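For reference, the chains in residue letters:
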Amino acid sequence: MSVQATPGRLVTFEGIDGSGKSTQARLLADKLRGLNRPVHLTREPGGSPGAEEIRNLVLTGDTGRWSAETELLLFTAARRDHLEKTIEPAIARGETVICDRFADSTRVYQGATRGDLRGVVDRLHAMIIGREPDLTFIIDMDPEVGLRRGLARAGSEQRFEDFGVAFQETIRHGFLSIARDNPDRCIVINGDRSPQEVAAEIFAHYESRA
Ligand code: ADP
Ligand code: TYD
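Draft legend 1. Structural context of the pattern of salt bridges. By the definition in use, this model includes 18 salt bridges. Two residues, Glu207 and Arg37, come together in a salt bridge whose shortest N-O distance is 2.9 Å. With Glu207 in helix α8 (residues 195–209) and Arg37 in the loop between α1 (21–34) and β2 (39–43), the pair connects residues that are 170 residues apart, well separated along the chain. On the accessibility criterion, Glu207 (31% relative accessible area) is partly exposed. For Arg37, a relative accessible area of 32% puts it in the partly exposed group. Its salt-bridge partner being Arg93, residue Glu95 comes within 2.9 Å of it at the nearest N-O pair. Take Glu95: its relative accessible area is 14%, and that puts it in the buried class. Via salt bridges that share partners, Asp104, Arg107, Arg118, Asp122, Glu132 and Arg185 belong to a single interconnected network.

This is the structure we're talking about:
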């Protein structure tokens, strides 16, 4: 009989574009690896070969390329593949999965910004995904700062950044509202500080919740 590993945890990073999620996800993964803890760093949309193909469809092209409904289905399809192929196997092996964006992004981007789709988002999540993170860091900041950072590293995946500052302000408040509704798993972090200061606070919270 094989020995079963203690299941790992799912830790997600959320926030507006340019808030420092990718940087902080990487810094937390590096820190844990330095302590010899098993970690799998991943991202959404993407994180498995099939989901990376969907990422390419959904993040490139003009802002009107997909309706909110189509977008919701594409993000959900990508998440399901990512869960099956990457997240669940890693958790079963006892790894901490650190994911740059997850279902809260869908709740906010598709559920709160383009038509009143939030009820559909929640039903689809319950039917197809059915899993919440164990811990979520919401990196909060002024959208002007986030957009300046985002534009500094402008590339082809611009579809959402192209919606502008008012859109990012709506997104920011969407995440803060999720944090208020889910205090058991969400921690809001001020992202407008040096990457090292932000990382130190995140690691302290991570350890206190372990
Ligand atoms: P996100 O994943 O939230 O879009 P990134 O981690 O990719 O954000 O960061 C966006 C840009 O801002 C990158 O060029 C990154 O190097 C820079 N950056 C990240 N964190 C900070 C910080 N605390 N202070 C200043 N610049 C930062
Ligand atoms: P990401 O690559 O994390 O962008 P950034 O590094 O600029 O924050 O995510 C790409 C975009 O996809 C981002 O603008 C948010 C959007 N998105 C959704 O609209 N719904 C989702 O479910 C996810 C995961 C992302």
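From this point, the discussion proceeds with the structure in view.
Draft legend 2. Spotlight on empty space enclosed by the protein. Within this structure, the stated rule accounts for two cavities of 30 Å³ or more. Roughly 70 Å³ of internal volume is contained in the largest cavity. Surrounding the largest cavity, Leu72, Thr76, Arg79, Ala103, Thr106, Arg107, Val121, Leu124, His125 and Ile129 form its lining. Contributing elements (two or more residues each) for the lining of the largest cavity: α3 (68–92), α4 (103–109) and α5 (118–129). The element contributing the most residues to the lining of the largest cavity is α5, with four residues. Of the residues contributing to the lining of the largest cavity, the split by class is five nonpolar, three polar and two charged. Estimated volume of the second largest cavity: approximately 30 Å³. Considering the residues around the second largest cavity, the lining is formed by Gly15, Ile16, Ile138, Ile139, Asp140, Met141, Arg172, Phe175 and Leu176.

Draft legend 3. Structural view of the pairing of strand β4 (residues 135–140). The buried fraction of β4 is high, at six of six residues. Both faces of β4 are covered, namely the face carrying Leu135, Phe137 and Ile139 and the face carrying Thr136, Ile138 and Asp140. Of the strand pairs in this sheet, β4 and strand β5 (residues 186–190) are connected by five bridges, and their pairing is parallel. Its bridge partner being in β5, Ile139 is matched across the sheet by Ile189.

Draft legend 4. Main features of the packing of α1 against α8. Running from N to C, α1 and α8 point in directions that differ by 60°, and their axes come no closer than 10 Å. Of the possible angle classes, the one that applies to α1 and α8 is oblique. For the pair α1 and α8, the sense of crossing is right-handed. On α8, the residues touching Thr23, Gln24, Leu27, Leu28, Lys31 and Leu32 of α1 are Pro195, Val198, Ala199, Ile202, Phe203 and Tyr206. When the residues that make up the contact of α1 with α8 are grouped by side-chain class, the tally is nine nonpolar, two polar and one charged.

The rules we used
Residues numbered from 1 in each chain as written. Chains lettered and ligands numbered in written order. Predicted model: local features only at pLDDT ≥ 70, side-chain atom pairs only at ≥ 80, totals over all residues. Heavy atoms only, no water. Salt bridge = Lys/Arg side-chain N within 4 Å of Asp/Glu carboxyl O. Helix = DSSP H or I, 4+ residues; strand = E, 2+ residues; numbered from the N terminus. Buried < 20%, exposed > 50% of the residue type's maximum accessible area, 1.4 Å probe, protein only. 1 Å grid on protein atoms, 1.4 Å probe; cavity = no way out; pocket = protein on both sides within 12 Å on 5 of 7 lines; lining within 4 Å. Points joined across faces, edges and corners; volume = space filled by probe spheres on them. Nonpolar A, V, L, I, M, F, W, Y, C, P; charged D, E, K, R; others polar. Pairing = 2+ DSSP bridges. Axes fitted to C-alpha atoms, helices over the stretch in contact; angles between N-to-C directions. Parallel < 35°, antiparallel > 145°, perpendicular 65-115°, else oblique. Left-handed = near helix turned anticlockwise from the far one by under 90°. Contact = heavy atoms within 4.5 Å.

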